[in-house]
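Architecture and fold: a report
Each chain, letter by letter, is given below.
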Amino acid sequence: MVRISEFQIKDVVNISDGKKLGNISDIEINLDSGRIESIIISATGKLLGFFGKEDEVVIPWNQIIKIGEDVILVRHSESQYTQQQLGTPKD
């Protein structure tokens, strides 16, 4: 068994491109079945959330490939998530 607190400190890595997506900030649970439906990742790149709301990445449970000691490996298409860049001038 794994406690939620242990689950949250693991890095989530996309095996499609090797990028670290972030850490688990929340989970979605189906109350009828009691199963985890998806994990929600806080995107990396923000300084403790001081520069606005962090982007979130939702990973359906069926896209989780392996839960290891220090890392969670997922298969997630890059088109399914976006990373907001700081300091990018807007036209």
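Report follows, based on the coordinates. Small disclaimer: the values here were computed from a predicted structure and weren't measured.

Some words on the overall build of the protein chain
Helix and strand counts for the protein chain come out as one helix and six strands. Beginning at the N terminus, the succession of helices and strands in the protein chain can be written as α-β-β-β-β-β-β. By the burial criterion, 25% of the 91 residues in the protein chain qualify as buried. Taking all contacts inside the protein chain whose residues are at least 6 apart in sequence as the whole, residues at least 24 apart take part in 37%. Roughly 6,700 Å² of accessible area belongs to the protein chain as shown, and the carbon and sulfur atoms make up 51% of that amount.

What about the nonpolar core?
Note that soluble globular proteins tend to have their nonpolar side chains buried in a common cluster. Formed by Phe7, Val12, Leu21, Ile24, Ile39, Ile41, Val57, Ile59, Ile64, Ile72 and Val74, the largest nonpolar core amounts to 11 residues. Beyond its immediate stretch of four places on either side in the chain, Phe7 contacts Val2, Ile24, Ile27, Ile39, Trp61, Ile67 and Ile72.

Observations concerning the packing of aromatic side chains
In total, this model carries one aromatic pair according to the counting rule given. When the centroid spacing of 6.4 Å and the interplanar angle of 40 degrees are considered together, the rings of Phe7 and Trp61 count as tilted. Taken together, the positions of Phe7 in helix α1 (residues 4-8) and Trp61 in the loop between β4 (56-60) and β5 (64-67) put the pair 54 residues apart, joining distant regions of the chain. Look at Phe7 and you get buried, because its relative accessible area is 9%. A relative accessible area of 34% places Trp61 in the partly exposed class.

Comments concerning the pattern of salt bridges
Applying the stated rule across the entire model yields one salt bridge. A salt bridge links Asp11 to Lys20; the shortest N-O distance between them is 3.3 Å. Relative accessible area serves as the criterion here: at 28%, Asp11 is assigned to the partly exposed category. Lys20 gets classed as partly exposed once you look at its relative accessible area, which sits at 39%.

What counts and what doesn't
- Residues numbered from 1 in each chain as written.
- Predicted model: local features only at pLDDT ≥ 70, side-chain atom pairs only at ≥ 80, totals over all residues.
- Heavy atoms only, no water.
- Helix = DSSP H or I, 4+ residues; strand = E, 2+ residues; numbered from the N terminus.
- Buried < 20%, exposed > 50% of the residue type's maximum accessible area, 1.4 Å probe, protein only.
- Contact = heavy atoms within 4.5 Å.
- Areas by Shrake-Rupley, 256 points an atom, 1.4 Å probe, with all protein chains shown as cover.
- Core = buried A, V, L, I, M, F, W, Y, C linked by side-chain atoms within 4.5 Å.
- Phe/Tyr/Trp six-rings, centres within 6.5 Å; stacked < 30°, edge-to-face > 60°.
- Salt bridge = Lys/Arg side-chain N within 4 Å of Asp/Glu carboxyl O.

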